[in-house]
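Breakdown of the fold
Spelled out from the first residue to the last, the chains are:
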Amino acid sequence: EDPSLAVVAEVNPSNDSGLGNSSDLLPQINRTFSDLGYDLITVSGVGLGEIIVEFYISPGLIIGEDSYLDLTFNNSSLADYNNSGISVLLNNHIIGDARLSDQTAASVTQRIRIPKSVVVPGINQIRIQAYLATPSLCSAVDKNLWLTVMPESLLHLPLVAEPIGNLDLVDLSVYPYP
């Protein structure tokens, strides 16, 4: 009857509950940037621009081995391809990069593998850093150089239950997990 009171009946569910045995009970992340609330994201101008995309992993879950990011993007064909490119960082760890070219100007999807070791429980941050250069300083007009990341970019993170021994639970802030 008291709304400020919670009774925890069981902390470690038994194996009969199915949590450790059935992947049907685990949330699966297969989301586009659009699903995460991001629209077309464009950086423009000479130099370094950055795009940030965040996603959440529930405590008690880790990503599977076959996790990846399908990054869909295009860029201005006026960029100096020898001196322009993108780097992709996840939680401040570089996980991939791409060169700009005539093919990327027409829109491409590049698959970037996501290592298990860089994804953490809670909020994770993908930073897409674009360095855009122009063939000559005379042609450096901010609106002529750009890179756009499409909302169709796909984040594929199959989730599995983390082994109970690896959890470091200090308090009930992550309830009801593990």
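The notes below deal with the structure included here. (Residues numbered from 1 in each chain as written. Predicted model: local features only at pLDDT ≥ 70, side-chain atom pairs only at ≥ 80, totals over all residues. Heavy atoms only, no water.)

Take the environment of Ala98 next. With respect to the helices, strands and loops of the structure, Ala98 is situated in strand β7 (residues 93-99). By relative accessible area, Ala98 is classed as buried at 9%. Sequence-wise, Ala98 and Leu71 are 27 residues apart; in three dimensions their C-alpha atoms are separated by 10.0 Å. Beyond its immediate sequence surroundings of up to four residues, Ala98 is in contact with Phe73, Gly85, Ile86 and Gln110. (Helix = DSSP H or I, 4+ residues; strand = E, 2+ residues; numbered from the N terminus. Buried < 20%, exposed > 50% of the residue type's maximum accessible area, 1.4 Å probe, protein only. Contact = heavy atoms within 4.5 Å.)

Attention now moves to the nonpolar core. Side chains of a nonpolar character, in soluble globular proteins, are inclined to be buried together. Ranked by size, the top nonpolar core spans 35 residues in total, and within it Ile57, Leu71, Ile114, Ile126 and Leu147 carry the most contacts. Leave out the neighbours within four places in its chain, and Ile57 touches Ile29, Ile63, Val119, Val120, Pro121, Gly122, Asn124, Leu157 and Leu159. (Core = buried A, V, L, I, M, F, W, Y, C linked by side-chain atoms within 4.5 Å.)

Sheet architecture is open: four strands sit in the order β3-β9-β6-β7, paired in antiparallel fashion. Pairing within the sheet leaves two strands with one partner each, and these edge strands are β3 (47-57) and β7. Neighbour to neighbour, the strand axes of the sheet diverge by 20° on average, direction disregarded. Looking at chain direction, β3 and strand β9 (residues 122-132) are connected through 11 bridges and run antiparallel. Residue pairing across strands places Ile57 opposite Gly122, the latter belonging to β9. (Pairing = 2+ DSSP bridges. Axes fitted to C-alpha atoms, helices over the stretch in contact; angles between N-to-C directions.)

Moving on, we come to the packing of aromatic side chains. For any pair of aromatic rings, geometry is given as the distance between the ring centres together with the angle between the planes. Counted according to the given criterion, the structure contains zero aromatic pairs. Sitting over the face of the ring of Tyr68, Arg111 holds its NZ or CZ atom 3.7 Å from the ring centroid. (Phe/Tyr/Trp six-rings, centres within 6.5 Å; stacked < 30°, edge-to-face > 60°. Lys NZ or Arg CZ within 6 Å of the ring centre and 35° of its normal.)

Right, let's talk about the pattern of salt bridges for a bit. Taken as a whole, this structure holds three salt bridges when the rule is applied. The salt bridge partner of Arg127 is Glu50, with a shortest N-O separation of 3.0 Å. Here the residue Arg127 occupies a position in strand β9, and Glu50 occupies one in strand β3, the gap between them amounting to 77 residues. Among the residues examined, Arg127 registers a relative accessible area of 17% and is labelled buried. (Salt bridge = Lys/Arg side-chain N within 4 Å of Asp/Glu carboxyl O.)

Positioned with a positive phi, Asn91 is a non-glycine residue whose angle comes to about 50°. Looking at where Asn91 falls in the secondary structure, it is placed in the loop between β6 (85-90) and β7. In this structure, Ser107 is a non-glycine residue whose phi angle is positive, near 90°. The residue Ser107 is located in the loop between α1 (102-105) and β8 (108-113) in this model.

Purely geometric numbers; function is a separate question.
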